[in-house]
Amino acid sequence: IQPQARDSDPNQQIRHLEWGDLNFLHTTDNHGWHAGHLQEPQYSADLGDYMSFISHMQRIADQKGVDLLVVDSGDRSEGNGLYDASDPMGKYTRRVLRKANHFDLLTSGNHELYNGTTSLNEWREMVPHFGDRYLSSNIEINATGEWEPFANRNLKFKTKNLGLTISAFGFLFDFTGNDVNTRVTPASQIVQQEWFRKAIADTEVDVFLILCHIDVDFLELKFIHGAIRALHPEVPIQFMAGHAHQRKFRVFDEKCSALESGRYCETVGFLSLSGLVPKDKSAPRPRDGGKMKTFRRYIDYNRVNFQHHTNTTQETFDTEEGLALSREMTGYREKLDLNRLVGCAPQDYTLDKSPYPSKNNWYSYLATTLLPKMVLNPARNTTPHMIFINGGSQRFDVFKGPFTYDTSFLISPFTSRFLFARDIPYPIASRLLDYFLRDPSPYAIGKGAEEPRKNSKDIMTAMGETPSWDPNYDYADVLLGHVSSAAKWRSRPQQQPSTLHNHNQQILSPFQSLTPDYEETATTPNHYHRTLGYTTIDDHGTTGDDTVHLPFIKYPPPKVLQSDVGFTPTSLLPPAAVDIVFFDFIAKNVEAGLNTIAEELEVERRWERKEFERYMGQERTLTRLILEFVGTEWGKECV
Ligand SMILES: Nc1ccn([C@@H]2O[C@H](COP(=O)(O)O)[C@@H](O)[C@H]2O)c(=O)n1
């Protein structure tokens, strides 16, 4: 744990783990948060603590004679000062991850590929270090003038204790926002390639393991599932998924499920498979034979929970390696000056725990206060303008109290530049937001590829081209929006709110009664403390989270926010034309939006991206602007 962080409340109710034959610890979308959450005790463990946890879990697995695999689904990059403040970015993150060397298997996310230098450094430093264990079945890199697989496409191996034969792959969703030095082949094409078909034709495999940076509800998983199931109706398939920044678990069939383990070092996903029978007759027989069973649990990323699950104490938990790694990260954080106090946030500003717009919402604060004050171009300041920011560019809540140099990266890590399109006729400009809201491009977190993924034509084409396609799949649920059995849980009859009480015997609000954990709450002994946290509902029900929490309400964040400067949109006399100011990250969307609207309005003018100009200097990133704003506007007396 880092010196500035605090341990979580030890008096919370924690649900246990059920070990199986093959067990997993899974992380995803950590985005550089390996030093832990300094302002949130519930997620305050760091990578050193996680290493100690893994070593105890490994000991338990060995004692039980079962297997444990530690896997990571990518997006280790971007989103925390430990990653973003170094030059080159990720220098220390990659170093500590190599030193920890704790992954049995890992793969890449989209954030390893947005920036050409990031992908090159990942390929140069991480891929050779992890060797065969770094899996990437659908990414290629051109680092030497030739295209080559980014990492190992498939690994077949036997587990240490039970000798289970695993065939593992690593997939990224159909991502198209990558730099030109990498290319991503859609899963629907990979499943038809010779090498993949040969690999899945293997009849010795006990478990197909698909490590992927793909949300459990994305269509890509159906392609992979369908291709394997067509050859192996009975062999277990396990997806270890990522990308949506959520805790999710989805059942595909009796022997196939997908686990997605949240984000930002808030969650370690635990999954166990029991009832596995090795095809290799010389392998030891698992004790629990019989019907296959899958168990999942989302562990809150803190030392108290890690100790609970390993039956250790403050005195017996830490390993030498874990402590050394924590110290090393403390040193890097000091070197990067991440603890420097910049200002004091006067209140909490949240991305999705308060409605947009409202006074506690960060996007609202940006739109009304910060952007108009900080996004400046002396030559154009007097021209009315609209500033557009894609919602996914803002990554984390601001907490009341100390705002450090590190915080600026947690909130807004990207180095996007501000561009502008000058003198856009108001009738066109005023329709842009609506265009963005209708456009399927990824403006927000976890949204995936640019192409509309629910396009029935694409799906039918792919089905036709995949000879082994399982005709029993119901594609309607993909086309219409997936309704998993989680929805059934949500819609099942609830207890009356008036009969429910929390541990302080307060009557719960009707909203709270919607969360199934309250059925437990009503019968839980009073001595447990309840903190706000995850109350996940997934395909196995309502008890996936290891810690029994009070729920927080989540509101939809804006896909794109608009800040109007120098005019009042409701005025009867709007300006004839405005400047459109935006991140270069959405430049192609602005270009497409302007031209689509112009066409709709039968205006002849068309725009090209090369006409867009810099609104501010290259170094005036939103991260920098936030730092300057906080330093001058928020004061340094934290109460
Ligand atoms: N340079 C960038 C890169 C990404 N974004 C935003 O992040 C979203 C993707 O993040 P995930 O963690 O969900 O993979 C993407 O849709 C953008 O909204 C950005 O703003 N700038």
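An unreviewed UniProt entry annotates the protein chain as Putative 5'-nucleotidase C-terminal domain-containing protein originating from Ascodesmis nigricans.

Draft legend 1. Geometry of the side chain of Thr-330. Looking at the element boundaries, Thr-330 is found in helix H9 (residues 320–335). On the basis of relative accessible area, Thr-330 is assigned to the buried category, the value being 15%. Excluding residues within four positions of it along the chain, Thr-330 makes contact with Gln-2 and Pro-3.

Draft legend 2. Region of interest: the sheet that holds strand E5 (residues 147–149). Across the sheet, which stays open at both edges, the three strands sit in the order E5-E4-E8 with antiparallel pairing between neighbours. Every other strand in the sheet has two partners, leaving E5 and strand E8 (182–184) as the edge strands with one partner each. Each strand of the sheet is rotated relative to its neighbour by a mean of 30°, with strand direction disregarded. Relative to E8, strand E4 (residues 139–142) runs antiparallel, the two sharing three bridges. Pairing of Glu-140 across the sheet is with Arg-183, part of E8. This element, helix H4 (residues 116–130), spans E4, E5 and E8 of the sheet and lies at about 100° to E4.

Draft legend 3. Representation of the sheet that holds strand E21 (residues 560–565) within the structure. Read across the sheet, five strands follow the order E21-E16-E22-E18-E23 without closing on themselves; strand pairing throughout is mixed. Where the open sheet ends on each side, the last strands, each with one partner, are E21 and strand E23 (613–614). Here strand E18 (residues 418–425) runs beside E23; their pairing, made up of two bridges, is antiparallel. When the bridges of E23 are listed, Leu-419 appears paired with Arg-614. Running at roughly 35° to E21, helix H10 (residues 362–374) makes contact with strand E16 (385–390) and E21 of the sheet.

Draft legend 4. Quick look at the environment of Trp-123. Here Trp-123 shows up in helix H4. A relative accessible area of 18% means that Trp-123 is categorised as buried. When the C-alpha atoms of Trp-123 and Asp-439 are compared, they prove to be 33 Å apart, with 316 residues separating the residues in sequence. Beyond its immediate sequence surroundings of up to four residues, Trp-123 is in contact with Pro-128, Ile-141, Ala-143, Thr-144, Glu-148, Pro-149 and Phe-150.

Draft legend 5. How the structure looks around the pairing of strand E22 (residues 577–583). Of all seven residues in E22, six are buried, a share of seventy percent or more. Inspection of the sheet shows E16 paired to E22 by four bridges, in the parallel sense. What sits directly across from Met-386, in E22, is Ile-580. Of the strand pairs in this sheet, E18 and E22 are connected by six bridges, and their pairing is antiparallel.

What counts as what
- Residues numbered from 1 in each chain as written.
- Predicted model: local features only at pLDDT ≥ 70, side-chain atom pairs only at ≥ 80, totals over all residues.
- Heavy atoms only, no water.
- Helix = DSSP H or I, 4+ residues; strand = E, 2+ residues; numbered from the N terminus.
- Buried < 20%, exposed > 50% of the residue type's maximum accessible area, 1.4 Å probe, protein only.
- Contact = heavy atoms within 4.5 Å.
- Pairing = 2+ DSSP bridges.
- Axes fitted to C-alpha atoms, helices over the stretch in contact; angles between N-to-C directions.

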